[in-house]
Amino acid sequence: MCLLAFTLANRTNMIGSLINVVIGAAAGALIDALLLIFATKWVAKFNLAYTKAYPAAFLGMLASGLTRFVLFQISWRIGVDLQLISLVSILVVSFVVYIALIRRFIVHPQSGVIPFGKAALISLLELAMKIVLMAAFLLVLMQLRN
């Protein structure tokens, strides 16, 4: 009976964690879509509507969040710290998934589907902007903490 209660509580925590991943992806995609718009304007030279950028940003953030969630579950189950592997995996998944999402959701008004090279450049630029933005945010947070 105690094992059943533990299993049920563990599944409830897992469902709550998955809901947090989805909510976090939805909230993070609000800013991520703006970065995607800027990167698209810079690389592909056209204005992207926010309504086109948000689904790509949301699904990209969701893929990153689910990757982090799965790696955390594996790490917790085997009792090994996979923090560095997790960080590298999330960066790779973000980069690769964004290429596919950019090619799927973002269409150039004159030429149609964005070529793979430009999509990769947009994804790389967007990822670099996210890293710089997070580093600046953490720096400000650390300064406010002291």
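That block above? That's the structure.
In short, a report on the structure. Remember, predicted model here, so these are calculated numbers, not experimental data.

Counting 24 residues, the largest nonpolar core has L36, I102, I106, I114 and I122 as the members making the most contacts within it. Among the elements of the structure, α1 (2-44), α2 (50-78), α3 (83-105) and α4 (116-145) are those that each provide at least two residues to this core. Per-element accounting of this core gives the leading share, eight residues, to α1. If near-sequence neighbours (up to four positions away) are discounted, I106 is found in contact with L36, T40, F46, L48, L101 and I114.

Relative to the helices and strands, S64 resides in helix α2. Overall, the relative accessible area of 9% leaves S64 in the buried class. Ignoring anything within four residues of it in the chain, the contact list for S64 reads I90, V93 and S94.

Counted by the stated rule, this structure contains two salt bridges. D32 is the salt-bridge partner of K130, the closest N and O atoms lying 3.8 Å from each other. Note that K130 is positioned in helix α4 and D32 in helix α1, a separation of 98 residues in sequence. The exposure class of K130 is buried, given its relative accessible area of 16%. For D32, a relative accessible area of 2% gives the class buried. Between K130 and E126 there is a salt bridge, and its shortest N-O distance comes to 3.7 Å. One end of the pair is K130 and the other is E126, both in helix α4 and four residues apart, which spans about a single turn. E126 shares its class with K130; the two are buried. The network of salt bridges with shared partners includes D32, E126 and K130.

A rise of 1.5 Å per residue sets the reference length of α4, with its 30 residues, at 44 Å; its end C-alpha atoms lie 43 Å apart and thus fit the reference within 8%. Within the sequence span of α4, burial applies to A119, A120, I122, S123, L125, E126, L127, M129 and K130.

A few words on the packing of α3 against α4. With their axes 8 Å apart at the nearest point, α3 and α4 run at an angle of 135° to one another. The angle between the axes of α3 and α4 places the two elements in the oblique class. As for the relative orientation of α3 and α4, their crossing is right-handed in sense. Residues L91, S94, F95, Y98, I99, I102 and R103 of α3 pack against F116, A119, A120, I122, S123, L124, E126, L127, K130 and I131 of α4. Its residues assigned to classes, the contact of α3 with α4 shows twelve nonpolar, two polar and three charged.

The rules behind the values
Sequence positions are assigned chain by chain, starting from 1 and proceeding in written order. Where totals are concerned, whole chains, interfaces and linings use all residues; where local detail is concerned, this predicted model gives features only for residues with pLDDT of at least 70, and gives and counts side-chain atom pairs only at 80 or more. Excluding hydrogens and water, the side-chain values take into account all heavy atoms of the structure. Only buried residues count toward a nonpolar core, which is a set of Ala, Val, Leu, Ile, Met, Phe, Trp, Tyr and Cys residues joined through side-chain atoms within 4.5 Å. To sort residues, take the accessible area from a 1.4 Å probe on protein chains only and compare it with the maximum for the residue type: under 20% means buried, over 50% means exposed, and anything in between is partly exposed. Starting at the N terminus, helices and strands are each numbered in turn, a helix being any DSSP run of H or I of at least four residues and a strand any DSSP run of E of at least two. Pairs of residues are marked as contacts when any of their non-hydrogen atoms sit within 4.5 Å. One side-chain nitrogen of Lys or Arg within 4 Å of one carboxyl oxygen of Asp or Glu is enough to make a salt bridge. To estimate how far a helix should reach, multiply one less than its number of residues by 1.5 Å. Here an axis means a line fitted to C-alpha atoms, over the contact stretch when the element is a helix, while the angle between two N-to-C directions is reported on a 0 to 180 degree scale. In these notes the angle categories are as follows: under 35 degrees is roughly parallel, over 145 is roughly antiparallel, 65 to 115 is roughly perpendicular, and the rest is oblique. Two helices cross in a left-handed way if the nearer one is turned anticlockwise from the farther one by less than a right angle. They cross in a right-handed way if the turn is clockwise. Note on residue classes: Ala, Val, Leu, Ile, Met, Phe, Trp, Tyr, Cys and Pro are nonpolar, Asp, Glu, Lys and Arg are charged, and everything else, Gly too, is polar.

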